[in-house]
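Examining the three-dimensional arrangement
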Amino acid sequence: MTSSCRRPEHSAPPDVVSGVVHCSFYSRMIEIQTQMSERAVELLNLPEGQPCFLLDVGCGSGLSGDFLSEEGHYWVGVDISTAMLDVALDREVEGDLLVGDMGQGMPFRPGTFDGCISISALQWLCNADKRTHSPPKRLYTFFSTLYSSLSRGARAVFQLYPENSEQLELITTQAMRAGFGGGMVVDYPNSSKAKKFFLCLFAGVTGALPKGLGTETSDRAVSNQVQYSGQRCRFKNMKGKSAKKGRDWIFEKKERRRRQGREVRADTKYTGRQRRPNF
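Residues numbered from 1 in each chain as written. Predicted model: local features only at pLDDT ≥ 70, side-chain atom pairs only at ≥ 80, totals over all residues. Heavy atoms only, no water.

By the naming in an unreviewed UniProt entry, the protein goes by 18S rRNA (guanine-N(7))-methyltransferase and is assigned to Sander lucioperca. Quoted straight from UniProt, the Catalytic activity (unreviewed entry) entry for the protein says "a guanosine in 18S rRNA + S-adenosyl-L-methionine = an N(7)-methylguanosine in 18S rRNA + S-adenosyl-L-homocysteine". Here the protein is described in UniProt, under the heading Subunit (unreviewed entry), as follows: "Heterodimer with TRMT112; this heterodimerization is necessary for the metabolic stability and activity of the catalytic subunit BUD23. Interacts with GRIP1." (UniProt positions renumbered as here; feature names shortened; annotations may be inferred.)

Written as structure tokens, this is what we have:
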């Protein structure tokens, strides 16, 4: 509980905190922001040598936009903080800027963008800064309008700091409801300082989830990836009968809980084994 109280989204609304962060930590953020933006663009898997039209959600002072411009892309930045957007204007960034609350949706025409990135902004939607704010509704509004504004086959990559597994599940559930596929990519999962979470979403066409950096593969599922599907009936076989409680289903459920960071008993030869009927 003590660590969660120090999270910036718990101290004040984003339009207030953004100005404070700029005054105190702006110089130290530049290098980190650029590195995370570079990784997010890498996960977008954009065509090489081809300029794209991208959306930067929570663009702030335009640090991520600077990297997009250096890579030859065109971009539009959206942020709720007018103070941070004023800084971006003073810096004369090359992208177009728009004041907007991501929880109220993205006001763009369908199929406008070739991709979307967002650095350290998505977790703010999990907080209710006003009585009228409902985090699930605001997340769904954001994801559904973002899905519409992306071209089919485009990706959206969000670098975020999830507070806990419940918050992560809330975010991914609303993204799935909006039509997205994809999952979570975790870079350097064994490092307390370098560990980074990237939600990699696919619009329309689901591709292979990228691998996280600094990870080791194992015989079982890769621990740095959390995939989810938009299909509701994942455990039904061809005859329509449920395969729940089977051995494969139990292993899959246990592995999923491990990826969520929960405590799970070790697998043994008795795991998923059917008991003999009582006489």
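**Digging into the packing of helix α5 (residues 135–149) against helix α6 (residues 165–177)**
Orientation of α5 relative to α6, taken along the N-to-C sense of each, is 45°, at an axis distance of 8 Å. Of the possible angle classes, the one that applies to α5 and α6 is oblique. At the point where α5 passes α6, the crossing takes the right-handed sense. Where α5 approaches α6, its residues Pro135, Pro136, Leu139, Tyr140 and Phe143 are matched on the opposing element by Leu170, Ile171, Gln174, Ala175 and Arg177. (Axes fitted to C-alpha atoms, helices over the stretch in contact; angles between N-to-C directions. Helix = DSSP H or I, 4+ residues; strand = E, 2+ residues; numbered from the N terminus. Parallel < 35°, antiparallel > 145°, perpendicular 65-115°, else oblique. Left-handed = near helix turned anticlockwise from the far one by under 90°. Contact = heavy atoms within 4.5 Å.)

**Quick look at the pattern of salt bridges**
Going through the model one piece at a time under the given rule, you end up with five salt bridges. Two residues, Glu42 and Arg39, come together in a salt bridge whose shortest N-O distance is 3.2 Å. With Glu42 and Arg39 both in helix α2 (residues 14–44) and three residues apart, this pair spans about one turn of that helix. Among the salt bridges present, the one from Lys254 reaches Asp267, with a minimum N-O distance of 2.8 Å. Highlighted residues: Lys254 in helix α7 (residues 247–259) and Asp267 in the segment after α7, separated in sequence by 13 residues. Since its relative accessible area comes to 30%, Asp267 is described here as partly exposed. The network of salt bridges with common partners includes Arg39, Glu42 and Asp187. (Salt bridge = Lys/Arg side-chain N within 4 Å of Asp/Glu carboxyl O. Buried < 20%, exposed > 50% of the residue type's maximum accessible area, 1.4 Å probe, protein only.)

**Notes on unusual backbone geometry**
Positive phi values are uncommon outside glycine, yet Ser120 reaches one of about 55°. As for its position among the elements, Ser120 is in the loop between β4 (113–119) and α5. Note on Ser120: relative accessible area 23%, which makes it partly exposed.

**Let's talk about the packing of aromatic side chains**
Scanning the entire structure with this criterion turns up seven aromatic pairs. Residues Phe142 and Phe143 carry aromatic rings whose centres are separated by 5.3 Å and whose planes lie at 50° to one another, so their mutual orientation is tilted. Phe143 shares its class with Phe142; the two are buried. A centroid spacing of 5.1 Å and a plane angle of 80° characterise the contact between Tyr147 and Phe180, whose relative ring orientation is edge-to-face. Placement of Tyr147 in helix α5 and of Phe180 in the loop between α6 and β6 (181–187) is noted, with a sequence separation of 33 residues between them. Here Tyr147 matches Phe180 in class, with each residue buried. Counting every residue linked through ring pairs, the aromatic cluster contains Phe142, Phe143, Tyr147, Phe158 and Phe180. The ring of Tyr140 carries Arg177 above its face, with NZ or CZ at 4.2 Å from the centroid. (Phe/Tyr/Trp six-rings, centres within 6.5 Å; stacked < 30°, edge-to-face > 60°. Lys NZ or Arg CZ within 6 Å of the ring centre and 35° of its normal.)

**Points about the nonpolar core**
When a protein is soluble and globular, its nonpolar side chains tend to lie buried together. Among the nonpolar cores identified, the biggest contains 33 residues, and Leu122, Phe142, Phe143, Leu146 and Phe180 are the most heavily contacted of them. In contact with Phe143, other than residues within four places in its own chain, are Leu122, Phe158, Ile171, Gln174, Ala175, Ala178, Phe180, Leu199 and Leu201. In terms of nonpolar packing, the next biggest core, distinct from the first, is built from 21 residues, Phe67, Val93, Ile119 and Phe198 among them. (Core = buried A, V, L, I, M, F, W, Y, C linked by side-chain atoms within 4.5 Å.)

**Topic: the environment of Val78**
Among the secondary structure elements, Val78 is positioned in strand β2 (residues 74–79). Sequence separation between Val78 and Met102 is 24 residues, and the spatial gap between their C-alpha atoms is 7.9 Å. Once residues lying within four places of it in the same chain are set aside, the contact partners of Val78 are Leu55, Asp56, Val57, Gly58, Cys59, Leu98, Gly100, Met106 and Phe108.

**Thoughts on the side chain of His73**
Note on placement: His73 falls in the loop between α3 (63–70) and β2. Beyond its immediate chain neighbours, meaning those up to four positions away, His73 contacts Leu46, Gln50, Pro51, Cys52, Leu54 and Leu68.

**Focus on the confidence of the model for the protein**
In this model, the protein carries an average pLDDT of 81, and 76% of its residues clear a pLDDT of 70 or more. The spread of mean pLDDT over the elements of the protein runs between helix α1 (residues 2–5), the lowest at 45, and strand β1 (residues 53–57), the highest at 98. Counting contacts from residues 217–223, a segment whose pLDDT is below 50, to residues more than four positions away or on other chains yields six contacts. For the stretch residues 229–242, pLDDT sits under 50, and the model shows eleven contacts to residues farther than four places along the chain or on other chains. (pLDDT = per-residue confidence, 0-100.)

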